Amino acid sequence: MAQYTNYILVCGGTGCRASQSEQIIENLKAAVDQYGLEDTQVIRTGCFGFCEKGPVVKMIPDNTFYVQVQPSDADEIVREHLVKGRKVERLLYVNPETHELVPDSKHIGFYKKQLRIALRNCGFINPENIDEYIARDGYVALGKALVEMTPEEVIKEIMDSGLRGRGGGGFPTGLKWQITRKVQAPQKYVVCNADEGDPGAFMDRSILEGDPHSIVEAMAINGYCTGASKGLVYIRAEYPLAVERLKIAIRQAKEYGLLGENIFGTDFSFDIEIRYGAGAFVCGEETALIHSMEGLRGEATVKPPFPSEHGYKGCPTNVNNVETYANIPVILLRGAKWFSSIGTEKSKGTKVFALAGKVNNVGLIEVPMGTTLREVIFGIGGGIKDGKKFKAVQTGGPSGGCLTEKHLDLPIDYDNLLSAGSMMGSGGMIVMDEDDCMVAMAKFYLDFTVEESCGKCAPCRIGNKRLHEILQKITSGNGTEDDLTRLRNLATVIKDTALCGLGQTSPNPVLSTMDNFYDEYLAHVREHRCPSHQCRELTQYFINPEKCKGCTLCARVCPVHAITGDRKIPHIIDPQSCIRCGTCMEKCKFGAIYVH
Amino acid sequence: MNKVKTLDDLKKMRESLRASLDLREKSNTPDQLVQIKVSMATCGIAAGAKEIMSYFIEVLNRENIDALVTQTGCMGYCYAEPTIEIKLPGKEPLVFGYVDKTKVEEIINKYIRQGILVDGIIPVTYTAVKPE
Ligand SMILES: Cc1cc2nc3c(=O)[nH]c(=O)nc-3n(C[C@H](O)[C@H](O)[C@H](O)COP(=O)(O)O)c2cc1C
Ligand code: SF4
Ligand code: SF4
Ligand code: SF4
Ligand code: FES
Ligand code: FES
């Protein structure tokens, strides 16, 4: 049996594969054979999250990290590194700041880019076993707060940490707790907002599924600080696994005496109940959420009064988001100073993002505030799928805006995103490439808002519908330049007059695409052309007679028989009957069909 | 069930839980268990993580290998689901992605039995804080 002691790990992730990592593997294997190194094995791995410098090769056991390796480097790597025991210096990573060579992967700053605070236990512990959570310091923060600190001290620690709400608004969490604390009332509530309405986001679900005890613990700490004895988790019924794991966590915490009466022998008692939402976007808005929990229609109401003063059943109610809660225990254990050393001046700590769309590494990532979009999309995200060109990224979901090429080096934090015309939102991040039409994208988000508007106020109920109609007109090729003016005016009015956050932010996708991609709007209305060929009504399919071999395949697959032509003679598409389904273009083996 | 009555109770409990975990992780004796964690968040399950978990258990039983198979949450590599983590006694844990039945066999026969690496390792791309 072969006994390997040396391994050469070669990245076989999408990014590196596109730059010949398969060939590198072949060549390395050949070189290993040639030098007779029986103790060395070449292994193909997944993405290292370092695609910008790919293809990457890592040597085990000494962890040497070679970057931008070419197939022709294989021989040298094997000969120098393995046979002679010398590093191939020209392939080492150069620290961009100090210009020093970085010998091994442990010292590459990149690996510090993803820092898991909120997700610290996700993928690490068994979420259904409280003992594993306790072994990782679970409930020690709650104990410390109850036994060793006054509520004021805990609140001060949270304030000093600079933690801001992760549910979208970015309100300082410590301040919110203090406001709720100061209101005098016989009964108060703390609520965990697990509604997660942004269709592109799933971090709250993942936290509840992967580390539910951290939420239970943090809610109890919140109860201690604000003077609430009751916690409510508002979660959408479409998250059955999260609900199940949360239920198990609550049960286990009760069995251990970490919820219930006189926790840690103090006079603090706390209990948590689960409330189910039907999955309406507006129910994530805190006032609508509270109404929904009261059994009323999930409609927003004007603030003030804020829930901290007048919330669930008229009692002071402190609403926080799941991810906000997940940060609390760590802050208490490691201290405000540590937490506030991470991030930017006004946005501290990390943020979890759900990276989706046209990137190679779709997934859940957590990075310190201040990380750039480029680092996220091209580093961790592995770049754009199929080697296409990056066009834009939508942050903040249906309430956010799109950011473009020129924003790639923008450090991500609450304030920077706002001033760039988007917002943090809950952390959905949808990447778009050159094939995506920005007008259609804006329409897609409005489809969502129109569907989700609760209908209480006219600007949102009627205004968004009109916005949607104008976009429909533009994408079907009937728009005029006047429509663009109307679009912008109406969007601005809705923003200024809608009652709740849903309506106030719903025109953002329209406004930000107009700001950043006005030429695409113009192409639609002036030339009745969709530059990315996404708007069906504006595209036309053609057959290039030079390339067409007359094989008749397209004519046979066309569902509406729009293609005619004789064998061996270039075929023709009848634009009148063509329904622009794209089947012919997909099927033609000679690339003779194109769209315009 | 031992109730946690004081902060000291909790800390003692933490120490003993940690000690037993440490024992599991550090010792290098062959009779120590192999630990397998399957990422079982919604996306993992949708990608077939449950089937992979039962298949692991089935093959391990058939092959008479003592191993601890547990579930865990999202590892973040959603593009490579199903993902699993394997920890051999005395070794660093390794994550494997795109695990199907064939891969399960390969992982068991090569990596778990003989300690030989197999293709499909997902490098860890983050650091997670430890609270204290
Ligand atoms: C339309 C709309 C939808 C919202 N959806 C959510 C949601 O799904 N989850 C969430 O935590 N906050 C959501 N919010 C923000 C909440 O109103 C509230 O600010 C938040 O839960 C407070 O918690 P935080 O301070 O910890 O962020 C939404 C707000 C609006 C206007
Ligand atoms: S802005 Fe929209 S969602 Fe909000 S109250 Fe008005 S109609 Fe309802
Ligand atoms: S499939 Fe392509 S080559 Fe064949 S007839 Fe159609 S256009 Fe011509
Ligand atoms: S796009 Fe569809 S409908 Fe039009 S010619 Fe091709 S196959 Fe026929
Ligand atoms: S580092 Fe190779 S694909 Fe990402
Ligand atoms: S939810 Fe499965 S790895 Fe992310």
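Residues numbered from 1 in each chain as written. Chains lettered and ligands numbered in written order. Predicted model: local features only at pLDDT ≥ 70, side-chain atom pairs only at ≥ 80, totals over all residues. Heavy atoms only, no water.

Engineer: Break down the overall build of chain A for me, citing the residues and quoting the values.
Structural biologist: Secondary structure summary: chain A contains 24 helices and 20 strands in total. Expressed as lengths along the three principal axes of its C-alpha atoms, the size of chain A is roughly 90 × 70 × 40 Å. Looking at chain A as a whole, 60% of its 596 residues are labelled buried. Long-range pairs, those at least 24 residues apart, make up 69% of the contacts in chain A with a sequence separation of at least 6. Of the roughly 23700 Å² of accessible surface on chain A, a fraction of 51% belongs to carbon and sulfur atoms. Charge-centre separation for chain A: the mean point of 67 positive side chains lies 3 Å from the mean point of 73 negative side chains. (Helix = DSSP H or I, 4+ residues; strand = E, 2+ residues; numbered from the N terminus. Buried < 20%, exposed > 50% of the residue type's maximum accessible area, 1.4 Å probe, protein only. Contact = heavy atoms within 4.5 Å. Areas by Shrake-Rupley, 256 points an atom, 1.4 Å probe, with all protein chains shown as cover. Lys, Arg positive; Asp, Glu negative; His and termini not counted. Charge placed at Lys NZ, Arg CZ, Asp CG, Glu CD.)

Engineer: Before we move on, can you summarise the environment of A:Tyr445 with the specific residues and values?
Structural biologist: Residues and elements named next belong to chain A. Among the structural elements, Tyr445 can be located in helix H17 (residues 438-452). Accessibility expressed as a relative area gives 3% for Tyr445, which makes it buried. Sequence separation between Tyr445 and Pro199 is 246 residues, and the spatial gap between their C-alpha atoms is 9.9 Å. Setting aside residues no more than four positions away along its own chain, Tyr445 makes contact with Gln394, Gly397, Pro398, Ile430 and Pro509.

Engineer: Would you mind going over the domain arrangement of chain A in detail, with residue names and values included?
Structural biologist: Once the domains are mapped, chain A shows domain 1 (6-110), domain 2 (130-336), domain 3 (350-433), domain 4 (438-526) and domain 5 (540-595). Distance from the C-alpha centre of domain 3 of chain A to the C-alpha centre of domain 5 of chain A: 39 Å. (Domains from an automatic or database assignment.)

Engineer: I'd like to hear about the confidence of the model for chain B, residue by residue, with values.
Structural biologist: Detailed reading of the predicted coordinates is not advisable wherever pLDDT is low. For chain B, the average pLDDT comes to 86, and 89% of its residues sit at 70 or higher. With a pTM of 0.88, the predicted complex shows an ipTM of 0.84. (pLDDT = per-residue confidence, 0-100.)

Engineer: I'd like a rundown of empty space enclosed by the protein, residues and numbers included.
Structural biologist: Applying the stated criterion across every chain yields a total of five cavities of 30 Å³ or more. Its boundaries defined by the atoms lining it, the largest cavity holds a volume of some 110 Å³. Lining the largest cavity are 16 residues, with A:Gln114, A:Ile380, B:Gly76, B:Tyr77 and B:Thr125 sitting closest to its centre. With three residues, strand S13 (residues 363-368) of chain A is the single largest residue contributor to the lining of the largest cavity. (1 Å grid on protein atoms, 1.4 Å probe; cavity = no way out; pocket = protein on both sides within 12 Å on 5 of 7 lines; lining within 4 Å. Points joined across faces, edges and corners; volume = space filled by probe spheres on them.)

Engineer: Would you mind going over the environment of A:Met219 in detail, with residue names and values included?
Structural biologist: Residues and elements named next belong to chain A. With respect to the helices and strands, the residue Met219 is situated in helix H10 (residues 212-226). On the basis of relative accessible area, Met219 is assigned to the buried category, the value being 0%. For Met219 and Tyr325, which are 106 residues apart along the polypeptide, the C-alpha to C-alpha distance reads 6.9 Å. Other than its neighbours up to four places away in sequence, Met219 contacts Val190, Val191, Cys192, Gly231, Leu232, Val233, Phe270, Ile272 and Tyr325.

Engineer: Tell me about the sheet that holds strand S8 (residues 189-194) of chain A, residues and numbers included.
Structural biologist: Residue and element names in this part refer to chain A. What the four strands build is an open sheet, ordered S10-S9-S8-S11; its pairing is parallel. With partners counted over all chains shown, the strands left at the sheet margins are strand S10 (271-277) and strand S11 (317-321), one partner each. With strand direction ignored, the average angle separating the axes of adjacent strands in the sheet is 25 degrees. Examined bridge by bridge, strand S9 (residues 230-236) and S10 share seven bridges and lie parallel to one another. (Pairing = 2+ DSSP bridges. Axes fitted to C-alpha atoms, helices over the stretch in contact; angles between N-to-C directions.)

Engineer: Can you lay out the layout of surface pockets for me, pointing to particular residues and giving the numbers?
Structural biologist: All names here are of chain A. One number sums up the size of the second largest pocket: a volume of about 1300 Å³. In terms of lining, the second largest pocket is formed by 49 residues, of which the most central are Gly167, Gly168, Gly169, Glu285 and Lys303. Among the secondary structure elements, those contributing two or more residues to the lining of the second largest pocket are helix H8 (173-182), S11, helix H16 (414-419) and helix H20 (501-505). Considering each element in turn, the lining of the second largest pocket owes the most residues, five residues, to S11.

Engineer: Give me H10(A): which residues, what numbers.
Structural biologist: Residues and elements named next belong to chain A. In a regular helix each residue adds 1.5 Å, so 15 residues correspond to 21 Å; H10 covers 21 Å between its end C-alpha atoms and thus fits that length. With respect to burial, H10 is a largely interior element, 15 of its 15 residues being buried. Where H10 terminates, the next one or two residues include Gly227, which has phi positive at roughly 85 degrees. (Expected span 1.5 Å × (residues − 1).)

Engineer: Describe the site of ligand 1, and please don't skip the residues or the numbers.
Structural biologist: All names here are of chain A. The environment of ligand 1 is made up of 18 residues, and the closest members are Gly167, Asn193, Asn320, Asn321 and Thr324. A distance of 3.0 Å separates an oxygen atom of ligand 1 from a polar backbone atom of Gly197. Contacts to ligand 1 include Glu286, whose backbone N or O atom sits 2.9 Å from an oxygen atom. Contact with the protein chains covers 88% of the free accessible surface of ligand 1, which is 610 Å². Taken together, the elements giving at least two residues each to the shell around ligand 1 come down to S11 and H20. The residue makeup of the shell around ligand 1, split by class, is three nonpolar, nine polar and six charged. (Near = heavy atom within 4 Å. Polar contact = N/O pair within 3.5 Å; in protein donor to acceptor, adjacent residues only side chain to side chain. Nonpolar A, V, L, I, M, F, W, Y, C, P; charged D, E, K, R; others polar.)

Engineer: Got a sec to walk through the sheet that holds strand S16 (residues 428-433) of chain A? Specific residues and values, please.
Structural biologist: All names here are of chain A. With mixed pairing, five strands are arranged side by side in an open sheet as S13-S12-S16-S14-S15. The sheet terminates laterally at S13 and strand S15 (401-404), the two strands that pair on one side only. The sheet shows a mean angle of 30 degrees between the axes of neighbouring strands, direction not considered. In the sheet, strand S14 (residues 390-395) pairs with S16 via five bridges, with the strands oriented antiparallel.

Engineer: A description of the pattern of salt bridges should follow, citing residues and the corresponding values.
Structural biologist: Residue and element names in this part refer to chain A. Under the defined criterion, the tally for this structure stands at 46 salt bridges over all chains. Here Lys388 ties to Asp435 by a salt bridge, and the two come within 2.7 Å at their closest N and O atoms. With a gap of 47 residues between them, Lys388 in the loop between helix H15 (373-380) and S14 and Asp435 in the loop between S16 and H17 connect regions that are remote in the sequence. It is possible to trace a salt-bridge network through shared partners that takes in Asp75, Arg79, Glu80, Lys84 and Arg86. (Salt bridge = Lys/Arg side-chain N within 4 Å of Asp/Glu carboxyl O.)

Engineer: Summarise the interface of chain B and chain A; cite the residues concerned and give the values.
Structural biologist: Taken together, the contacts link 49 residues of chain B with 64 residues of chain A. Around 4700 Å² of area is buried between chain B and chain A when both sides are counted, 58% of it from carbon and sulfur atoms. Connecting chain B to chain A are three salt bridges. A:Asp137 is the partner of B:Arg18 in a salt bridge, and the nearest nitrogen-oxygen pair spans 2.6 Å. (Buried area = accessible area lost by both parts, 1.4 Å probe.)

Engineer: Give a detailed account of the site of ligand 4, specifying residues and quantitative values.
Structural biologist: Lining the immediate surroundings of ligand 4 are 13 residues, of which A:Cys558, A:Cys578, A:Cys581, A:Gly582 and A:Cys584 lie closest. Residues belonging to the shell around ligand 4 are distributed by class as follows: ten nonpolar, two polar and one charged.

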